[in-house]
Amino acid sequence: PGNGVENSFESKLITISTIFYAGLGNSAADIAVELSRHASQVYLSTHRGAWVISRLEKRGLPWDQHVETRFFQNLPSKIKEWLALRSAQKRFDHDTYGLLPHHGILNAPTVISDDLPLRIATGTIKLQPGVSHFTQNGVVFTDGTRLDNVDAVIACTGYDICFEFLQDKYILPVEDNHVSLYKQVFPPHHPKSTLAVMGLIQSSGAFFPAAELQARWVTRVFKGLARLPSKEFMLHNIGLEKRMLRQIFYASRRLTIQARKK
């Protein structure tokens, strides 16, 4: 880092846009923060806003060690929401920073970033509304404002779920980024229980402990030490989980693999 890197940019403007439905996620925040240290100006586009929390909590412990506990998760939802809001707003006022979302703090994954509020406060990152359309060398936003002479656009728009390695798309059908898996692992229509998907999950805490539990369960099923329920039961459970998720999280393509806390 330094002047050598900064001067390697042929122009003065880098634009980072989260386009259409994706909102502001962790990848967009991390990329914006990193580029803001080298580019002359970074614009971060978000049409929904986000709740931003710190990676560290009390006594410098990681956030998930403080929040993802049995005690906290067993509290009533209203109390959990009040505590989470108080913690997020105590650090900085989201409305003042232009980040205040329309959804509650428990209705979508939070953005974990220590540096994003600081970069907004110093002006190295400027927030913009959602994208309306692009021009030949710029971008027009939903409020009618525009940026011209834009040199780069990074679209943090999320992922499309697909299983292109399977010749038959009907083995694991995907509809509008929704895939039906029992406990987000086993396809209910597979007759021999020899196909499993691991890691297709978005957890509120650390990802790898959840993926490890999935791997242990899959291993037991493959070895015959555990059996899956009937297809009818799995389909019923999948439908129930989808309905409960919609009651908690807002409808979005990026939240179709969100894990619900038990």
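Before any of the text, the structure's been laid out above.
About the cut-offs
- Residues numbered from 1 in each chain as written.
- Predicted model: local features only at pLDDT ≥ 70, side-chain atom pairs only at ≥ 80, totals over all residues.
- Heavy atoms only, no water.
- Pairing = 2+ DSSP bridges.
- Helix = DSSP H or I, 4+ residues; strand = E, 2+ residues; numbered from the N terminus.
- Salt bridge = Lys/Arg side-chain N within 4 Å of Asp/Glu carboxyl O.
- Buried < 20%, exposed > 50% of the residue type's maximum accessible area, 1.4 Å probe, protein only.
- Core = buried A, V, L, I, M, F, W, Y, C linked by side-chain atoms within 4.5 Å.
- Phe/Tyr/Trp six-rings, centres within 6.5 Å; stacked < 30°, edge-to-face > 60°.
- Polar contact = N/O pair within 3.5 Å; in protein donor to acceptor, adjacent residues only side chain to side chain.

Observations concerning the sheet that holds strand β6 (residues 131-134)
Reasoning step 1: Judged by pairing direction, the sheet is antiparallel, and its three strands sit side by side in the order β6-β7-β8 without closing on themselves. Two strands close off the open sheet at either side, each with one partner strand: β6 and β8 (146-147).
Reasoning step 2: Looking at chain direction, strand β7 (residues 139-141) and β8 are connected through two bridges and run antiparallel. By the bridge assignment, Val139 is partnered in β8 with Leu147.

Considering the pattern of salt bridges
Reasoning step 1: What the rule picks out here adds up to six salt bridges.
Reasoning step 2: A salt bridge links Arg216 to Glu212, with the shortest nitrogen-to-oxygen separation between them at 2.7 Å. One end of the pair, Arg216, and the other, Glu212, are both in helix α7 (residues 207-223), four residues apart, so they sit about a helical turn from each other.
Reasoning step 3: Given a relative accessible area of 41%, Glu212 falls into the partly exposed group.

Section: the nonpolar core
Reasoning step 1: Ranked by size, the top nonpolar core spans 18 residues in total, and within it Leu24, Leu44, Leu116 and Ile125 carry the most contacts.
Reasoning step 2: The element best represented in this core is helix α2 (residues 26-36), accounting for five residues.
Reasoning step 3: Membership of the second largest hydrophobic core comes to ten residues, among which are Leu166, Val179, Leu200 and Ile257.

Quick look at the packing of aromatic side chains
Reasoning step 1: According to the stated counting rule, one finds six aromatic pairs in the structure shown.
Reasoning step 2: Note on Phe92 and Tyr97: the rings are 4.9 Å apart at their centroids and 55° apart in plane angle, and the pair reads as tilted.
Reasoning step 3: Ring geometry for Phe186 and Trp217: centres 5.0 Å apart, planes at 85°, overall edge-to-face. Here Trp217 lies in helix α7 and Phe186 lies in the loop between β11 (178-179) and α7, a separation of 31 residues in the sequence.

Notes on the environment of His94
Reasoning step 1: Counting through the fold element by element, His94 comes out in the loop between α5 (77-91) and β4 (111-112).
Reasoning step 2: The spacing of His94 and Gly49 is 45 residues in sequence and 9.0 Å in space, taken between C-alpha atoms.
Reasoning step 3: In terms of polar contacts, His94 uses its side chain to reach the backbone amide nitrogen of Val52, at 3.0 Å.

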